[in-house]
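Next come the chains, spelled out residue by residue.
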Amino acid sequence: MTDANIETFADINWSDLRARAMAKKAWRNKGPKEWDAKAASFSTRNKSAAYIDLFLDLLPLDSSMSVLDIGSGPGTLALPIAGRVDSVTAIDFSAGMLQVLNDLAASENINNIRTIQCAWEDDWQAKGLQPHDIAIASRAMGVEDLRAALEKIDRYGRKYVFLSDRVGATPFDVAAFAALGRPFAAGPDYIFTVNMLYTLGIHPNMTILTLERESTFSSMDEALKSYSWMFSDMSTAETAALENYLIKQIVRRNGEEITLCRQDPPRWAVIWWRK
């Protein structure tokens, strides 16, 4: 169907539109090995992030519930959720992330989290997964087949489903791309997810989480490593350009520690529905 044939909402093929937007995005999805290498630093960086409390405040948790955390990473949400519910199942395609999660759970004497290495595309039933009271997918919607992912998470949440998706350029810093002379295309964000849910007969609730523009790093080296994660195949000249850009964004120093301020705050759309 061509654009000229679109007369009503029902005529729009959101999967096709999203595929086109994915093809034009300026970033690429990271694979399991890349997330394995980043697991420890990602855990440390995100342990006290404001996003965690904002997301958790929206969840209707109680001590009798089971929670499925899809794309759990190193336990950013699974660990604090575990103390409020009966059980948590955390799944991720990165073995490194799950190892960090297991190590942290052991160090905090948390024994009600089960971890399973698998991806969105895997056969979850074959992995022993069953529906849970709440299914969550936090910042984990960068899949190729979004429709299949939404249908799957809906099946695995008995009472509620909560997911979060990008708003606009989040989490990328558009000005950093400009500093490197690279064009930026955000790719598909939450609006594709909401519209695809509508085509599935699901009418979700939504809350926009707006985070702080400022981020504090222990050193310029840490800031440079964090920002470099946004880019692929950086040259030596681009690394130098990125460092110069970061220096200009410094608003406070405390010894080696620096605080950067980006032009636009990161924003995430929390999309949820009750079954």
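Before any of the text, the structure's been laid out above.
In short, a report on the structure. (Residues numbered from 1 in each chain as written. Predicted model: local features only at pLDDT ≥ 70, side-chain atom pairs only at ≥ 80, totals over all residues. Heavy atoms only, no water.)

Section: the pairing of strand E9 (residues 257–261)
Counting buried positions over the five residues of E9 gives four, a clear majority of the element. Here strand E7 (residues 214–217) runs beside E9; their pairing, made up of four bridges, is antiparallel. Residue pairing across strands places phenylalanine 217 opposite isoleucine 258, the latter belonging to E9. Across four bridges, the pairing between strand E8 (residues 250–254) and E9 is antiparallel. (Buried < 20%, exposed > 50% of the residue type's maximum accessible area, 1.4 Å probe, protein only. Helix = DSSP H or I, 4+ residues; strand = E, 2+ residues; numbered from the N terminus. Pairing = 2+ DSSP bridges.)

Some thoughts on the packing of helix H6 (residues 146–156) against helix H8 (residues 190–199)
The contact between H6 and H8 brings their axes to 10 Å, and the two run at 65°. Note on packing geometry: the crossing formed by H6 with H8 is right-handed. Residues Leu146, Arg147 and Leu150 of H6 pack against Phe192, Thr193, Met196, Leu197 and Thr199 of H8. Within the contact of H6 with H8, the residues separate by chemical class into five nonpolar, two polar and one charged. (Axes fitted to C-alpha atoms, helices over the stretch in contact; angles between N-to-C directions. Left-handed = near helix turned anticlockwise from the far one by under 90°. Contact = heavy atoms within 4.5 Å. Nonpolar A, V, L, I, M, F, W, Y, C, P; charged D, E, K, R; others polar.)

Observations concerning the pairing of strand E1 (residues 66–70)
Counting buried positions along E1 gives five out of five residues, so the element sits mostly inside the fold. Across the two faces of E1 the burial is the same, with Ser66, Leu68 and Ile70 and Val67 and Asp69 all buried. As paired elements, E1 and strand E4 (residues 132–138) share three bridges and run parallel to each other. Following the sheet pairing, aspartate 69 is matched in E4 by isoleucine 136.

Section: the sheet that holds E8
If you trace the three strands from one edge of the open sheet to the other, you get E7-E9-E8, paired in antiparallel fashion. Edge strands, defined here as strands with exactly one partner in the open sheet, are E7 and E8. Along the sheet, successive strands turn relative to each other by an average axial angle of 15°, direction set aside.

A few points about the sheet that holds E1
Sheet architecture is open: seven strands sit in the order E3-E2-E1-E4-E5-E10-E6, paired in mixed fashion. What marks the edges here is a single partner per strand, and that holds for strand E3 (113–117) and strand E6 (205–210). Averaged over all adjacent pairs, the angle separating strand axes in this sheet is 15°, with direction ignored. Pairing between E1 and strand E2 (residues 87–92): five bridges, direction parallel. Paired with serine 66 across the two strands is serine 87, which belongs to E2. Set on the sheet, helix H5 (residues 95–107) makes contact with E2 and E3; between it and E3 the angle comes to about 165°. On the sheet, H6 packs against E1, E4, strand E5 (157–166) and strand E10 (267–274) and is oriented at approximately 145° with respect to E5.

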